[in-house]
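Residues per chain are reported as follows:
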Amino acid sequence: MDDLKFRRHAYADPNDQSVEFIEHLATHPQDAKRVNELKAFDEQINAALNVDVPNDLADKLLLRQQLTVHQAHKKRTRYLVTMAASIAFVVGISFSLLQLTPVNLSQQAIAHMNHEPKALMSDKDINYQDINFKLASIAGLKQNKFINQPGRVFYTTYCDFQGVKSLHLVMEDEHGKKVTLFIVPAETRMHLDAQFADEKYKGKGFESSDAYMLLVGEPDSDLEFVQHEIEHTFI
Amino acid sequence: MFDSLRKKKSDPTVLSDMLSKQRRYDSLVRALHTDIFRYAYWLCGDKQVAEDITQETFLRAWRALDSLKDDKAAKSWLITILRRENARRFERKQFDYSDVEQEHLEDVFSSSTEDQTEQYWLRKQIAHLDIEYREPLLLQLIGGFSGDEIAQMLSLNRNTVMTRLFRARNQLKDALEKTSTRGQANG
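Naming follows an unreviewed UniProt entry, where chain B appears as RNA polymerase sigma factor of Shewanella intestini. Its UniProt record gives chain B the following Sequence similarities (unreviewed entry) comment, quoted word for word: "Belongs to the sigma-70 factor family. ECF subfamily."

As recorded in an unreviewed UniProt entry, chain A goes by DUF3379 family protein and comes from Shewanella intestini.

See below:
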């Protein structure tokens with residue numbers, strides 16, 4: 001190792017641990033002395049570099065980070081609250097829109113018939129007082145009641161016309177055929193057809209004492225007879 | 001939002017994750033804030049600015065703490081963030097600091113003893129060094145990095161780094177010898 005190379009090594013890193021450098025120092029006591037001087041000089045530089053650090057710097061750093069975490073947490077909470085509020089808002093809006101959509105009663109009535117074939121199997125004989133009892137618990141039909149038995153009633157249950165609680169009855173026409181009657185509280189968004197039918201059933205809609213009546217029966221049943229009977233007993 | 005939902009673990013795990021992250025950060029701050037502050041000071045030459053840069057550096061480190069896989073690499077990782085933060089200072093126009101302002105170098109070392117006088121002069125000389133010579137020296141002495149590591153951090157090749165270290169020490173020694181000659185001449 002020539003002198004120039006030695007100087008470059010020593011000045012670049014007096015603590016150089018390369019074999020070449022260490023061997024050179026072992027054989028050149030004069031250079032070893034120079035390296036020791038350089039190491040001492042490094043100590044001096046180090047001392048000069050060690051400027052005072054503000055005492056509370058570490059605490060300040062931690063505090064700043066804690067505040068950031070706190071802020072982020074607050075922001076996230078606010079975000080979640082906003083999110084929840086928007087979702088609630090959308091749900092509210094769509095729910096009320098759903099409530100406002102016009103209801104086609106005929107279609108609903110036919111759909112009910114197809115969904116509840118067991119209603120037509122029933123063979124009970126229900127007293128009109130029981131029907132009145134059921135009517136009394138339906139909002140919008142509280143004032144209505146039967147004042148007399150409207151022929152034989154085989155079956156009675158509550159049912160739902162797009163969110164509106166209604167009454168589902170199975171009655172009998174003049175010839176003993178079963179006819180289904182839906183009593184729905186009158187509402188403006190309801191659409192009531194006077195006549196309707198599909199392949200299996202025919203139906204009739206009319207208004208009686210502020211309630212919508214839907215009669216559904218087989219194509220050859222006598223709906224007028226039942227309508228007549230209802231109009232005379234239902235007030 | 002959905003990502004965070006998917007990542008959601010049971011509460012105790014989240015809590016302990018956060019605690020261990022906090023603990024990791026605490027020890028990082030306590031162990032390294034001195035070196036980071038000194039490095040920042042010798043980069044910018046102003047205590048207040050150095051403190052600001054240190055704050056920014058550690059804040060960024062907190063946000064990115066999960067990306068630090070190896071704790072042994074923490075120092076070089078922090079210095080990388082610090083250098084980027086320092087560079088950003090020059091991009092932002094409102095901060096119009098020049099590089100170390102030698103004339104304003106704080107004279108907090110009232111020269112009561114010869115040692116302190118010498119240290120004051122040395123500080124001035126270090127501040128006078130060109131940044132390209134000063135920085136490798138800082139990395140070597142404050143950071144304790146090897147030539148290879150410094151080369152990697154500064155994106156230079158090793159020979160360039162060694163040459164710059166050589167010149168840095170050479171200039172400091174020359175300057176100091178001149179001063180002491182002058183001192184003797186004056187005395």
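Resuming the write-up.
**Side note on the interface of chain A and chain B**
Counting residues at the interface gives 23 residues for chain A, matched by 31 residues for chain B. Of all elements in the fold, only helix H1 (3–12), helix H3 (29–49) and helix H4 (57–100) of chain A reach the threshold of two or more residues within the side of chain A that touches chain B. Per-class residue counts for the side of chain A that touches chain B are 14 nonpolar, 5 polar and 4 charged.

**A look at unusual backbone geometry**
All names here are of chain B. In this structure, serine 155 is a non-glycine residue whose phi angle is positive, near 50°. Tracing the sequence through the fold places serine 155 in the loop between helix H7 (147–154) and helix H8 (158–186). Its 6 C-beta neighbours within 10 Å are what place serine 155 among the exposed residues.

**A few points about the packing of helix H3 (residues 47–63) of chain B against helix H4 (residues 74–91) of chain B**
Residues and elements named next belong to chain B. For the pair H3 and H4, the least separation of the axes is 9 Å and the interaxial angle reads 125°. Here H4 runs oblique to H3, going by the angle between their axes. Judged by the sense of rotation from one axis to the other, the crossing of H3 with H4 is right-handed. Residue-level inspection shows Ile53, Glu56, Thr57, Arg60 and Ala61 of H3 in contact with H4, the latter providing Leu78, Ile81, Leu82, Glu85, Asn86 and Arg89.

**Re the UniProt feature "transmembrane region" (unreviewed entry) in chain A**
Following the UniProt record, one finds the feature "transmembrane region" (unreviewed entry) at residues 79–98 of chain A. A distance of 28 Å separates the end C-alpha atoms of residues 79–98 of chain A, which is 100% helix and 0% strand.

**Things to note about the sheet that holds strand S8 (residues 211–217) of chain A**
Residues and elements named next belong to chain A. Strand order in this open sheet of 6 strands is S2-S3-S4-S8-S7-S6, and the pairing throughout is antiparallel. Bordering the open sheet on either side are strand S2 (153–161) and strand S6 (195–197), each of which pairs with just one other strand. Ignoring which end each strand starts from, the neighbouring axes of this sheet average 25° apart. Helix H6 (residues 128–136) contacts S2 and strand S3 (164–172) of the sheet and is inclined by roughly 10° relative to S2.

**Comments concerning the confidence of the model for chain B**
Counting all residues, the mean pLDDT for chain B is 81, and 76% of those residues have values of 70 or more. Listed scores for the predicted complex are pTM 0.59 and ipTM 0.74.

About the criteria used
- Residues numbered from 1 in each chain as written.
- Chains lettered and ligands numbered in written order.
- Predicted model: local features only at pLDDT ≥ 70, side-chain atom pairs only at ≥ 80, totals over all residues.
- UniProt positions renumbered as here; feature names shortened; annotations may be inferred.
- Contact = placed C-beta atoms within 7 Å.
- Helix = DSSP H or I, 4+ residues; strand = E, 2+ residues; numbered from the N terminus.
- Nonpolar A, V, L, I, M, F, W, Y, C, P; charged D, E, K, R; others polar.
- Buried ≥ 20, exposed ≤ 12 C-beta atoms within 10 Å, placed from the backbone.
- Axes fitted to C-alpha atoms, helices over the stretch in contact; angles between N-to-C directions.
- Parallel < 35°, antiparallel > 145°, perpendicular 65-115°, else oblique.
- Left-handed = near helix turned anticlockwise from the far one by under 90°.
- Pairing = 2+ DSSP bridges.
- pLDDT = per-residue confidence, 0-100.

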